[in-house]
Amino acid sequence: MKHNLSFYTAYNQFYIRDKDSNGDTGSPTFWSQEAFKDRLAEGDGLLGVSTESYGFINGYLYLLEKPKDLTELDVFDHVVEASVQIKSGVLQIIDCPNSSVELEIKLSPGVYRVRIYSLGLGTDEDDEGDDSYIIELWPDSKQNRKVIKRWNKS
């Protein structure tokens, strides 16, 4: 299943979270140096996605039954994945800093793996870049964050 993403967010980030998450995006451990470097922060029922743009975000979210094979990675600038637990059965995409719900999807409660593909990084012009994001989500077990392809800002 495919969902379009098109919304405004600020502070170069947006969130993927469980509707009932108590995760704290202001915690010093959320956006750690490692999280900034990996372009993905982790909290309780919450992921923070680092964006290149300070503004409009475009992309897609795909619900999968299992992970896709990693091929054609050269098309993407950065690829990272992590796990998120969805206890409430509702996954949300949230903007920053207003915490507006941009997308809400009902899922079976459980742990999900989230893979984020970033494209168009480095095209930032006055904070309105051409970056976009593909998010894939599938049921899985809890695993640590993993950078599959790292983008190094020049």
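Along each chain, residue indices are assigned from 1 in the same order as the chain's sequence is written. Where local features are concerned, this predicted model is filtered to residues with pLDDT of at least 70; where side-chain atom pairs are given and counted, the filter is 80 or more; whole-chain, interface and lining totals use all residues. Side-chain measures were taken over the full set of non-hydrogen atoms in the model, leaving aside hydrogen atoms and water.

(A) Looking closely at the environment of Ile 93. You can see Ile 93 is positioned in strand E7 (residues 90-94). Placed 40 residues apart in sequence, Ile 93 and Ser 53 show a C-alpha to C-alpha distance of 17 Å. Any two residues whose heavy atoms approach within 4.5 Å are treated as being in contact. Leave out the neighbours within four places in its chain, and Ile 93 touches Leu 5, Phe 7, Phe 14, Tyr 15, Ile 16, Leu 61, Ser 100, Val 101, Glu 102 and Leu 103. Helical segments are the DSSP runs of H or I of at least four residues, strand segments are the runs of E of at least two, and each set is numbered from the N terminus.

(B) Structural context of the sheet that holds E7. What the 5 strands build is an open sheet, ordered E3-E4-E2-E7-E8; its pairing is antiparallel. Looking at which strands have only one partner, the edges of the open sheet turn out to be strand E3 (40-43) and strand E8 (101-106). Shown here is a sheet whose adjacent strand axes are inclined to one another by a mean of 15°, direction ignored. One ladder, built from 5 bridges, connects E7 with E8; its direction is antiparallel. By the bridge assignment, Ile 93 is partnered in E8 with Leu 103. Here, any two strands with at least 2 DSSP bridges between them count as paired. Each axis is a line fitted through C-alpha atoms, and for a helix only the stretch in contact is used; angles between axes span 0 to 180 degrees, taken between their N-to-C directions.

(C) The arrangement of the side chain of His 78 in detail. Counting through the fold element by element, His 78 comes out in strand E6 (residues 78-86). Polar contacts involving the side chain of His 78 include one to the main-chain amide nitrogen of Trp 151, which spans 3.0 Å. Apart from the residues lying within four places of it in its own chain, the contact partners of His 78 are Lys 37, Asp 38, Arg 39, Ile 116, Tyr 117, Ser 118, Leu 121, Val 147, Lys 149, Arg 150 and Trp 151. Identification of polar contacts relies on pairs of N or O atoms within 3.5 Å, with a donor-acceptor requirement for protein atoms, meaning one able to donate a hydrogen and the other able to accept it, and with residues adjacent in sequence counted only if both atoms are side-chain atoms.

(D) Looking closely at the packing of aromatic side chains. Planes of paired rings set the category: under 30 degrees apart is stacked, over 60 is edge-to-face and the rest tilted, where pairs are Phe, Tyr or Trp rings (Trp by its six-membered ring) whose centres lie within 6.5 Å. Under the criterion given, the structure shown has 8 aromatic pairs. With 6.2 Å between their ring centres and 70° between their planes, Phe 14 and Tyr 133 make a pair best called edge-to-face. In this pair, Phe 14 sits in strand E2 (residues 13-18) while Tyr 133 sits in strand E10 (residues 132-139), placing the two residues 119 residues apart along the sequence. Burial here depends on accessible area, computed with a 1.4 Å probe over protein chains only, as a share of the maximum for the residue type. Under 20% is buried, over 50% is exposed, and the range in between is partly exposed. Of the residues examined, Phe 14 reaches a relative accessible area of 0% and is grouped as buried. Taking 5.7 Å as the distance between ring centres and 80° as the angle between the ring planes, the aromatic pair formed by Phe 30 and Trp 31 counts as edge-to-face. Accessibility expressed as a relative area gives 2% for Phe 30, which makes it buried. An aromatic cluster is built from Tyr 15, Phe 30, Trp 31 and Phe 36, whose rings are joined through pairwise contacts. Here the basic side chain of Lys 2 rests over the ring of Tyr 60, its NZ or CZ set 4.2 Å away from the ring centre. The lysine or arginine in question, Lys 68, covers the ring of Tyr 62, its NZ or CZ lying 5.8 Å from the ring centre. Two limits define a charge over a ring: the Lys NZ or Arg CZ must be within 6 Å of the ring centre, and within 35 degrees of the ring normal.

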